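# Fold and contact review
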Amino acid sequence: MKRNSIYILATAAIALCVGSTLPFLAGSSTLNPERDSVKSEVPYCVTSPTVPDKINFAGQDIDLKRYDHRERMDRELMSFTYMHSTTMLIVKRANRYFPVIEPILKANGIPDDFKYLAVIESSLNPLAKSPAGAAGLWQFMPVTGKEFGLEVNNSVDERYFIEEETKAACKYLKQAYNKYGNWLCVAAAYNAGQGRISSQLEKQMVDQAVDLWLVEETSRYMFRLLAAKAVINNPQQYGFLLKREHLYPPIPYTEVTVTTGISDLAKYAKEKGITFAQLKDANPWLRDTSLMNKSGRTYVLKIPTQAGMHYDPKKTVPYNKNWVIN
């Protein structure tokens with residue numbers, strides 16, 4: 001009797017599992033027949049994303065039918081497609097940061113596609129810092145940041161100030177474009193440096209950066225940029241299904257102008273009705289517990305509103321309708 005009971009329970013459990021699995025195998029009209037294989041021994045299917053015949057970057061068409069271009073693009077598309085958590089997090093962050101980045105690029109005459117450069121530099125993490133010391137969304141080294149107008153010291157580091165670092169990146173990109181007249185060469189130079197790209201273009205006697213034989217990091221860099229554009233512009237095509245409530249909305253804040261130092265930022269934050277952590281999160285360029293300001297410089301601090309800190313995810317507005325399924 002006991003053995004029969006165990007048999008019945010086991011049979012019921014198997015039936016339940018099969019029943020719950022069938023809709024995934026046969027019940028969806030959106031499944032691709034190539035992926036709908038009952039021969040798979042795992043409960044999901046892995047397929048290679050389709051490489052388009054060409055892709056446009058900043059007004060330039062890149063031929064992806066040529067074998068070397070195609071295979072380099074294929075590698076980066078697969079990387080973004082199966083780097084699941086990172087790619088999904090990038091799309092969520094893009095809803096917060098693209099509305100900040102895009103107007104600055106436009107105002108400075110930089111093609112909109114360069115927002116994807118920030119994606120591959122930092123995964124849109126404002127606090128990103130490399131082992132070499134590059135920091136922020138645009139990954140400026142301290143010396144380069146200062147060269148392009150950013151304040152970088154122990155108290156203030158504008159490499160973490162999204163608006164200011166984006167303006168600095170625009171200066172670099174414009175300078176490089178004046179030299180090359182080609183935006184993909186500009187992107188390659190952002191990674192490898194203008195000196196190296198210029199010398200290699202001359203030595204290898206080509207005009208396009210994508211035709212250069214370079215170290216693997218830079219060689220991949222340009223195609224990572226193209227793949228980022230393809231995947232993030234249409235994540236559903238690559239299997240990323242997000243709802244509007246999954247996206248990170250912009251946090252509303254008020255701006256406070258200060259022209260003197262602040263000896264205790266924790267005390268200052270409490271006076272503004274927020275925590276020290278919230279003040280630092282809204283102003284990551286504040287690098288210490290105080291703000292030194294001996295020169296009397298004008299700083300603008302963002303103070304998150306109470307409503308903004310308790311947002312309703314269901315009211316989140318997708319910045320790009322292609323990012324969500326509802």
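What this report covers is the structure whose coordinates are included nearby. (Residues numbered from 1 in each chain as written. Predicted model: local features only at pLDDT ≥ 70, side-chain atom pairs only at ≥ 80, totals over all residues. Heavy atoms only, no water.)

### Looking at unusual backbone geometry
Despite not being glycine, alanine 58 shows a phi value in the positive range, around 55°. One non-glycine residue, serine 123, adopts positive backbone phi at about 55°.

### Here we look at the pattern of salt bridges
Let me state the cut-off plainly: For this document, the term salt bridge refers to a Lys or Arg side-chain nitrogen within 4 Å of an Asp or Glu carboxyl oxygen. Only protein chains enter the accessibility calculation, which uses a 1.4 Å probe; a residue is then buried when its area is under 20% of its type maximum, exposed when over 50%, and partly exposed in between.
Tallying each qualifying case throughout the model produces 13 salt bridges. A salt bridge links lysine 54 to aspartate 61, with the nearest nitrogen and oxygen atoms 4.0 Å apart. Note that aspartate 157 is salt-bridged to arginine 159, the shortest N-O span being 2.8 Å. Classification of arginine 159 by relative accessible area gives buried; the value is 4%. Three or more residues are tied together by salt bridges with common partners; here these are Arg66, Asp68 and Asp211.

### Things to note about the pairing of strand β4 (residues 299–304)
To keep things clear, this is the line we draw: By definition, any uninterrupted DSSP run of H or I lasting at least four residues is a helix, any uninterrupted run of E lasting at least two residues is a strand, and each is numbered from the N terminus. Two strands pair under a simple rule: DSSP has to find at least two bridges between them.
Among the 6 residues in β4, 5 count as buried, and that is most of the element. Sheet topology note: the strand β3 (residues 253–258)/β4 ladder contains 6 bridges and is antiparallel. Its bridge partner lying in β4, threonine 257 is registered against valine 300.

### Details of the nonpolar core
What counts here: For the purposes of this section, nonpolar cores are sets of buried Ala, Val, Leu, Ile, Met, Phe, Trp, Tyr and Cys residues that join through side-chain atoms within 4.5 Å. Contacts are residue-level and defined by heavy atoms, with any inter-residue pair within 4.5 Å sufficient.
Among the nonpolar cores identified, the biggest contains 69 residues, and Met73, Phe114, Leu124, Trp138, Tyr190 and Ile197 are the most heavily contacted of them. Secondary structure elements with two or more residues in this core: β1 (54–57), α2 (67–82), α3 (84–107), α4 (115–122), α6 (162–180), α7 (183–192), α8 (194–204) and α9 (216–233). Beyond its immediate sequence surroundings of up to four residues, isoleucine 197 is in contact with Tyr180, Cys185, Ala188, Ala189, Ala192, Leu212, Leu214 and Thr218. Counting residues in each nonpolar core, the second largest holds 18 residues, with Val256, Tyr268, Leu279 and Leu291 among its members.

### Structural notes on the packing of aromatic side chains
The line we're drawing: Two rings from Phe, Tyr or Trp (for Trp, the six-membered ring) form a pair when their centres are within 6.5 Å of each other. A pair whose planes differ by under 30 degrees is stacked, one over 60 is edge-to-face, and the rest are tilted. For a lysine, the NZ atom is tested; for an arginine, the CZ atom; a charge sits over a ring if that atom is within 6 Å of the ring centre and within 35 degrees of the ring normal.
This model, assessed by the stated rule, comprises 12 aromatic pairs. Considering the side-chain rings of phenylalanine 148 and tyrosine 172, the 5.5 Å spacing of their centres and the 65° angle between planes classify their relative orientation as edge-to-face. Of this pair, phenylalanine 148 sits in the loop between α5 (142–147) and α6 while tyrosine 172 is found in helix α6, placing the two residues 24 residues apart along the sequence. Of the residues examined, phenylalanine 148 reaches a relative accessible area of 8% and is grouped as buried. Ring plane angle 20° and centroid distance 5.6 Å describe the contact between tryptophan 285 and tyrosine 299, whose orientation is recorded as stacked. Taken as a pair, tryptophan 285 in the loop between α11 (276–282) and β4 and tyrosine 299 in strand β4 lie far apart in primary sequence, 14 residues in all. Here the two residues tryptophan 285 and tyrosine 299 agree in accessibility, since each one is buried. These aromatic residues form a ring-pair network of at least three members: Trp138, Phe140, Phe148, Tyr172 and Tyr190. One Lys or Arg, arginine 287, reaches over the ring of tyrosine 160 and ends 4.0 Å from the middle of that ring.

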